[in-house]
Protein chains: 2
Amino acid sequence: MKRTHLFIVGIYFLSSCRAEEGLNFPTYDGKDRVVSLSEKNFKQVLKKYDLLCLYYHEPVSSDKVAQKQFQLKEIVLELVAQVLEHKAIGFVMVDAKKEAKLAKKLGFDEEGSLYILKGDRTIEFDGEFAADVLVEFLLDLIEDPVEIISSKLEVQAFERIEDYIKLIGFFKSEDSEYYKAFEEAAEHFQPYIKFFATFDKGVAKKLSLKMNEVDFYEPFMDEPIAIPNKPYTEEELVEFVKEHQRPTLRRLRPEEMFETWEDDLNGIHIVAFAEKSDPDGYEFLEILKQVARDNTDNPDLSILWIDPDDFPLLVAYWEKTFKIDLFRPQIGVVNVTDADSVWMEIPDDDDLPTAEELEDWIEDVLSGKINTEDDDDDEDDDDDDNSDEENNDSDDDDDE
Amino acid sequence: MKRTHLFIVGIYFLSSCRAEEGLNFPTYDGKDRVVSLSEKNFKQVLKKYDLLCLYYHEPVSSDKVAQKQFQLKEIVLELVAQVLEHKAIGFVMVDAKKEAKLAKKLGFDEEGSLYILKGDRTIEFDGEFAADVLVEFLLDLIEDPVEIISSKLEVQAFERIEDYIKLIGFFKSEDSEYYKAFEEAAEHFQPYIKFFATFDKGVAKKLSLKMNEVDFYEPFMDEPIAIPNKPYTEEELVEFVKEHQRPTLRRLRPEEMFETWEDDLNGIHIVAFAEKSDPDGYEFLEILKQVARDNTDNPDLSILWIDPDDFPLLVAYWEKTFKIDLFRPQIGVVNVTDADSVWMEIPDDDDLPTAEELEDWIEDVLSGKINTEDDDDDEDDDDDDNSDEENNDSDDDDDE
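As the structure is a computational prediction, the values presented were derived from the model and not from experiment. (Residues numbered from 1 in each chain as written. Chains lettered and ligands numbered in written order. Predicted model: local features only at pLDDT ≥ 70, side-chain atom pairs only at ≥ 80, totals over all residues. Heavy atoms only, no water.)

A. Representation of the interface of chain B and chain A. Listed by partner, the interface residues are 82 residues for chain B and 82 residues for chain A. Between chain B and chain A lies a buried interface of about 7,800 Å² when both sides are counted; carbon and sulfur atoms form 64% of it. The shortest N-O distance in the salt bridge between B:Glu319 and A:Lys87 comes to 2.9 Å. Our count for the chain B to chain A interface comes out at 19 residue pairs in polar contact (both at pLDDT 80 or more). Looking at the side of chain B that touches chain A, the elements with two or more residues in it are α1 (2–8), α3 (64–83), α5 (131–142), α6 (152–160), α10 (257–262), α11 (279–294) and α12 (315–322) of chain B. It is α3(B) that provides the largest number of residues to the side of chain B that touches chain A, a total of 7 residues. The residue inventory of the side of chain B that touches chain A, partitioned by class, reads 42 nonpolar, 14 polar and 26 charged. (Contact = heavy atoms within 4.5 Å. Buried area = accessible area lost by both parts, 1.4 Å probe. Salt bridge = Lys/Arg side-chain N within 4 Å of Asp/Glu carboxyl O. Polar contact = N/O pair within 3.5 Å; in protein donor to acceptor, adjacent residues only side chain to side chain. Helix = DSSP H or I, 4+ residues; strand = E, 2+ residues; numbered from the N terminus. Nonpolar A, V, L, I, M, F, W, Y, C, P; charged D, E, K, R; others polar.)

Below, the structure written as structure tokens:
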């Protein structure tokens, strides 16, 4: 394993030979920090850290490819462990066969998963397995679960966060039992859902919050829902959030991308690509928000917004798989089983669809009038790259 | 080289074994796409692509570490080449010794650099040498150099871009000679500086633009500067931008981080860390903007804002090097030669300095009253991690 490490890690320090100091990417120092967990050392290891990151893996096989994949995950973990060394985060491997009993005790069920233990909570990481994504995820997890809002500028900052589910509560003080319940509830959803609180009357007034009230904000909605029947227990808060966890419009994020993708509706996702930093993309996103606000009560609608800037390495893959141009805004239906897809025709990015046109199109998707199966004679061969051939005009509908 | 490839590339496809389709990270397919450039094949290669990406390297030595580093750069380039395969971008290596004549002809001077040829322009990439950063940079380079603004929502999008230098011009049409000069000027700065144009009277009115006028926006400033003496030639525009290229407050970005860092003032940078998505960080950034607006005419002031979220792998390194806590906003002076630094004391993140206090502190930095040399008895041992020892009270100032 060690040899592997030394070999690969350079990828993170390619630019470090400079005259200036202050921007050196970490170089792997060769130390093994990721240990194997067993029933014997479990308690001792757990006691040592605030956060324990466990890679639950199938037994390392004699298959070369599988071995390689395993080593590569180890290397990512070793680098993350090194980078976060002074943060009291432990990194371990759990062999699914050798440590079956321990795994069962910990409630691990999916081999190849990364779990994080924090206190008595188990969090599954289901995002891009890359060092930077993982580091950011873990740093978010060791922050306080509730962020306190105490000034006008902080209210502004709070209001600007539109692409996360967020909650804010008004409490008497940090010692309030209701604040404590809120804090406990926050831990269930950290770092995916953002919890804020204020102890300041002025802030509460600005946000129209009554004492002990908690407001729930769906992403991209201006108006919150006041959670009914205050004050709440931890369980009541958790239950409410779980019920409202799938928003009408949500952003795909590297740190939870696979989990989000698995949360499809009837095997499909309505996917919208829009680059927020681009004027056309920004405009399209504003239209999407309008549609989401108009349809927030429709439980069958959940649009997945992807900003291509968040996934540079997937842009070309998506363009090829979905046969679309990602330099322009796009909206389509994707079948998650085979990645088959249909996209709305947007003839010109200076002439984007209106909210009404989008709503009509979405209605057609939800009613099944637009679906990914109707044009399958075009779609069955993904490897066909001769895109200069025009084959849209084929006329045999052999699918129906 | 091939063996290396097959071994490493897995890092990018660790999460691809899923039941769902639609989110597969690219796996390196083993094809060699990066070729060696020589005087013989130069013209032929150049003709083939819209963009040519050249890695100008010193001769591969027999030293194992140097070889490894070289291979790793090659691998990053191979993956980028594969991901962007259908985008008409070529990738080549230029050996500094073997192809000295060609390199001279191309004007390459710094071994280990990555250059991009686009038409008759040469662009140096001086950012993080990582596949995702490089892919995004190249995708930005093949977009149109000028983005057209044609609706109210797009004006809003334009106005929201505050952390780039941006220019916008009002022209009669795409055929206007002045628009063409503007477009040519844009190509000099793509993708670092954003150029916009409008042909729409309503948009021009909203932005108070006269026909053929170009406005220059410094980052984080509300009011633009109208470039004097319209209409302009390409050269006049280029000259104006070059003169105003170092803003009072600028954001550090992965795609140009080393270039920015090298652009220090008298060997130092004033560095501010603030996480924009965090209320405290947002508040601190707003205060910084205020300071920048009040001092925009001071040519000696250029504050470098770093959002730790943009550099997860550097957070722990910075915390260790600068001995600061990056969960909270920070501002300090960094000596770029040795990364020695002094940081403003911010006792509580609920009690951030006011704009006036920050300005006083900055004045002390610019006058040399606050500098990185005064406390060097604390700083000479970077490996001393016993931070529970209080050694701020040491009293011998042996430096002066």
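Let's pick the thread back up.
B. Highlighting the environment of A:Ala181. All names here are of chain A. Note that Ala181 resides in helix α7 (residues 177–189). Linking Ala181 and Lys276, residues 95 residues apart in sequence, is a C-alpha distance of 36 Å. Excluding its chain neighbours within four sequence positions, the residues that come into contact with Ala181 are Tyr232, Thr233, Glu234 and Leu237.

C. Molecular detail of the pattern of salt bridges. Residue and element names in this part refer to chain A. This model, assessed by the stated rule, comprises 24 salt bridges over all chains. As a salt-bridge pair, Arg33 and Glu85 come within 3.0 Å of each other at their nearest N and O atoms. Here the residue Arg33 occupies a position in the loop between α1 (2–8) and β1 (35–36), and Glu85 occupies one in the loop between α3 (64–83) and β3 (89–95), the gap between them amounting to 52 residues. Residue Glu85 is classed as partly exposed on the basis of its relative accessible area, which comes to 45%. A salt bridge links Arg293 to Asp222; its shortest N-O distance comes to 3.9 Å. Linking Arg293 in helix α11 (residues 279–294) with Asp222 in the loop between β9 (214–217) and β10 (225–226), this pair joins segments that are 71 residues apart in sequence. With relative accessibility at 55%, the residue Asp222 sits in the exposed group. Here the salt bridges share partners, and the residues they tie into one network are Asp163, Arg251, Arg253, Glu256, Asp307 and Asp310. (Buried < 20%, exposed > 50% of the residue type's maximum accessible area, 1.4 Å probe, protein only.)

D. Quick peek at the nonpolar core. With 75 residues, the main nonpolar core has A:Trp318, B:Phe91, B:Leu138, B:Leu167, B:Phe182 and B:Phe195 as its most contacted residues. Ranked by the residues each element gives to this core, the list is headed by α5(B), at 8 residues. The residues touching B:Phe195, leaving out its near neighbours within four places in the chain, are B:Pro145, B:Val146, B:Glu147, B:Leu167, B:Phe182, B:Ala185, B:Ala186, B:Phe189 and B:Val241. Residues A:Phe129, A:Leu138, A:Ala185 and A:Phe195 belong to the second largest nonpolar core, which totals 74 residues. (Core = buried A, V, L, I, M, F, W, Y, C linked by side-chain atoms within 4.5 Å.)

E. Structural view of the relation of the copies chain B and chain A. The transform that puts chain B on chain A rotates by 180° and translates by 0.0 Å along the axis, for an RMSD of 0.0 Å. This pairing of chains is accounted for by a two-fold axis. Taken together, the interface assignments show that 100% of the residues at the interface of chain B recur at the interface of chain A, consistent with an identical surface on both copies. (Least-squares fit on C-alpha atoms with pLDDT ≥ 70 in both.)

F. Layout of the packing of helix α7 (residues 177–189) of chain B against helix α9 (residues 234–243) of chain B. All names here are of chain B. In contact at an axis separation of 8 Å, α7 and α9 are set at 40° when each is read in the N-to-C sense. It follows that α7 is oblique to α9 by the angle criterion. The interaxial crossing formed by α7 with α9 has right-handed handedness. Across the interface between the two elements, Ala181, Phe182, Glu184, Ala185, His188 and Phe189 of α7 pack against Glu234, Leu237, Val238, Val241 and Lys242 of α9. A class-by-class count of the residues in the contact of α7 with α9 yields 7 nonpolar, 1 polar and 3 charged. (Axes fitted to C-alpha atoms, helices over the stretch in contact; angles between N-to-C directions. Parallel < 35°, antiparallel > 145°, perpendicular 65-115°, else oblique. Left-handed = near helix turned anticlockwise from the far one by under 90°.)

G. Seen up close, the domain arrangement of chain A. Residue and element names in this part refer to chain A. The domains assigned to chain A are domain 1 (35–142), domain 2 (146–244) and domain 3 (249–367). Placing a centre on the C-alpha atoms of domain 1 and another on those of domain 3 gives a separation of 33 Å. Contact residues are listed per partner, giving 6 residues for domain 1 and 7 residues for domain 3. Buried area between domain 1 and domain 3, summed over both chains or domains, comes out near 540 Å², and the portion from carbon and sulfur atoms is 53%. (Domains from an automatic or database assignment.)

H. Representation of the sheet that holds strand β13 (residues 303–306) of chain B in the model. All names here are of chain B. Pairing in this open sheet of 5 strands is mixed, and the strands run β11-β13-β12-β14-β15 from one edge to the other. Pairing within the sheet leaves two strands with one partner each, and these edge strands are β11 (249–251) and β15 (341–343). Taken over all neighbouring pairs, the strand axes of this sheet differ in orientation by 30° on average, direction set aside. Where strand β12 (residues 268–273) meets β13, 4 bridges bridge the pair, whose relative direction is parallel. Within β13, the residue paired with Ile270 across the bridge is Ile303. (Pairing = 2+ DSSP bridges.)

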